[in-house]
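Residue-level listing of the chains:
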Amino acid sequence: MRVVTRPFHSIARTVLRNVIVAAAVLALVIGAAHSWYTYQKEQQRVEALTSTFALGHVPLLMVGIWDLEANALQRQVDLMAAYPEIAEARVQAATGMAFSAGPEVANRRPDVRLPIPHPTEPGEVLGELQVWYDNDYIRREIVSAIVPGFIEFVLFALVVSFITYRIIFAGLNRPLRAIDDYSRQLTPGRRNPPLELGRRQRHWEDEIDLMVDGFNTLRDGIARFSEERDQAVKTLSRERDMLDERVRERTQEMRQINEVLESLSRLSVSLIDVPYESQHSAMVDALARCGKLIEASAVGIAVCHEAGDWEWRYCWPVSTDTRAFPDSRVLHNLSWAQGWYVGDTPWSPHGLVCTRVVDSERYLLTFHEPKARTYTPLEERLVRMAAEVLFKVIERWENQHELENSRRELYRLSRTDPLTGLANRRYFNEVRDTEGRRIQRTGEPLSVLMIDVDFFKAYNDQYGHSKGDRCLVRLAEVFRQQCARAGELSARLGGEEFAILLPGHDEAEALEMAERVRSAVYDLAVPHEHSPMDWVTVSIGCATWFGDRGAEPLDAVFDHLMRNADRCLYKAKALGRNRVVGEASLSTANE
Ligand SMILES: Nc1nc2c(ncn2[C@@H]2O[C@H](COP(=O)(O)OP(=O)(O)OP(=O)(O)O)[C@@H](O)[C@H]2O)c(=O)[nH]1
């Protein structure tokens, strides 16, 4: 609703009024100028008439007065009064005669007074010519000169104003009012009809046409805006309707991911500390669980050592022919690329493939599908997470194996003599203590052989230290071979001194074993120039513990045992070397 705050003035009327006012002012100015001009012209005519009187009539009047020609004078006066501009002409002679013509003008002094000179006496006058102009005539002349033009101008101005009014009214007012009515009906919410003013068809355009075009463009814009808005509102409401659905789907998806994450984290925790021997079956179980995530028909992990061939390491279902499981084409592919592949890949015609390098070995995990299928992004995500977990577990296992191997190697080194590969003193003592504890429980006997190479200093001096080393290695090999039964342990206690632990051996058995060792060394026939036996020989002291010192601390037991074995050894040396001496010989000697 339009609120009118100011009075309405039509353009046509305003133009009309302004044209009329301008025409009136112009008419007045032109009329005044014309009047002034006509008045000036009349004045000139009067002046011309006055000079006519002075030059033409005054001499005749002079003659008439001089000759006393009353008729002639009267005729002259009549002639002058006959001019339409003259109201009255009068001659007043000095003699007192007077002649006049025309209606007498009262109460007005003559407009022209011309003296009638004396014909002979210069400076003397015979009388005076008095003339009164007809002012009404002059006024009439002026009016008759101005009025027709004024009337013509006014009529012209009226006609021009009217035509202007018509043109403006028809060409401007009416269309503008129609446009005003139209613009009030424009509504953004509905389809508005185009603006049509019903104007006559012309082969040109004017401002109104431009305005109509503008309004129609505006209308089209409003229509387009309305359509887009309606469309947007519809889309918005559709999306709002779908939002709940999406939120539900997303929540479901998140729940699924959470469940899988939980089960994967449980899986990874359960796999981490699986002992080595159970790792294969644990991984196969894990593959089965992961395969069920997307209902894959088979899941496998293949490994390729740097220069070697691919082979399936873990297969679900367990395959008897690991070269063909689950699809031999996977393993025949030569190109290697690390990453994640879906569908038809260089690694697999169908299915999902994840590859990884773990400790310089190439690993490939594939979820096999017999037929091509499309995986949802969620499935891909879940499987990818599963693959990450499995590879992490494998990596961890690899690290654990490596660590375990290193530890075992270290342990082995820590209890092994580096030259001979026999147990060192530390390991000998460990085993000795363990066996000692066992024997304390079982009451079985335990014997120790102390072995020393005879004249070894001389051997070194003769053949050199490295040959001496090789000799020690050969002797160690003899000890190892002779004492290969479970529980028997050969050790190098230091230098050229060796010991053999014989759990379960009584003295007789131990002496028998010692003799076997001694003769085996002798039979080696390692030449020794500075030995009376010509060969490298060993002396052996033998001591036995019968497990009858159950209450005694093990350290004390073994101190005693080793001391006895040493004493026997010294005795063997003292008796000439290359022999075995048991504890019985000690008591004999003591006795
Ligand atoms: N080649 C070599 N010699 C060693 C090693 N350990 C100790 N020996 C040598 O073994 C010799 C032991 O000499 P001795 O203890 O004097 O005894 P022996 O010469 O063997 O004489 P008896 O024991 O009395 O028969 C020393 O000369 C040591 O240098 C070793 O690892 N390699």
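Residues numbered from 1 in each chain as written. Predicted model: local features only at pLDDT ≥ 70, side-chain atom pairs only at ≥ 80, totals over all residues. Heavy atoms only, no water.

Looking at an unreviewed UniProt entry, one finds the chain named diguanylate cyclase, with Marinobacter nanhaiticus D15-8W as its source organism. In its Catalytic activity (unreviewed entry) section, the UniProt record describing the chain reads: "2 GTP = 3',3'-c-di-GMP + 2 diphosphate". Recorded under Cofactor (unreviewed entry), the UniProt text for the chain is reproduced unchanged: "Mg(2+)". (UniProt positions renumbered as here; feature names shortened; annotations may be inferred.)

Some remarks on the nonpolar core
Counting 40 residues, the largest nonpolar core has Leu271, Met283, Leu365, Phe367 and Leu390 as the members making the most contacts within it. Mapped onto this core, the elements with two or more residues apiece are α4 (207–272), α5 (279–293), β5 (298–304), β6 (310–316), β8 (352–358), β9 (361–368) and α7 (377–414). Ranked by the residues each element gives to this core, the list is headed by α7, at twelve residues. Beyond its immediate chain neighbours, meaning those up to four positions away, methionine 283 contacts Leu271, Ile301, Tyr314, Leu390, Val393, Ile394 and Trp397. In this structure, Val58, Val131, Tyr137 and Ile138 belong to the second largest nonpolar core, which totals 28 residues. (Core = buried A, V, L, I, M, F, W, Y, C linked by side-chain atoms within 4.5 Å. Buried < 20%, exposed > 50% of the residue type's maximum accessible area, 1.4 Å probe, protein only. Helix = DSSP H or I, 4+ residues; strand = E, 2+ residues; numbered from the N terminus. Contact = heavy atoms within 4.5 Å.)

Focus: the sheet that holds strand β11 (residues 489–494)
Spatially, β11-β12-β10-β13-β14 is the arrangement adopted by the five strands of the open sheet, whose pairing is mixed. Of all strands in the sheet, those with a lone pairing partner are β11 and β14 (580–582), marking the two edges. Taken pair by pair, the neighbouring strands of this sheet meet at an average axis angle of 20°, ignoring direction. Note: strand β13 (residues 538–545) against β14, three bridges, orientation parallel. Each bridged residue has a counterpart across the sheet, and for isoleucine 540 the counterpart in β14 is valine 580. (Pairing = 2+ DSSP bridges. Axes fitted to C-alpha atoms, helices over the stretch in contact; angles between N-to-C directions.)

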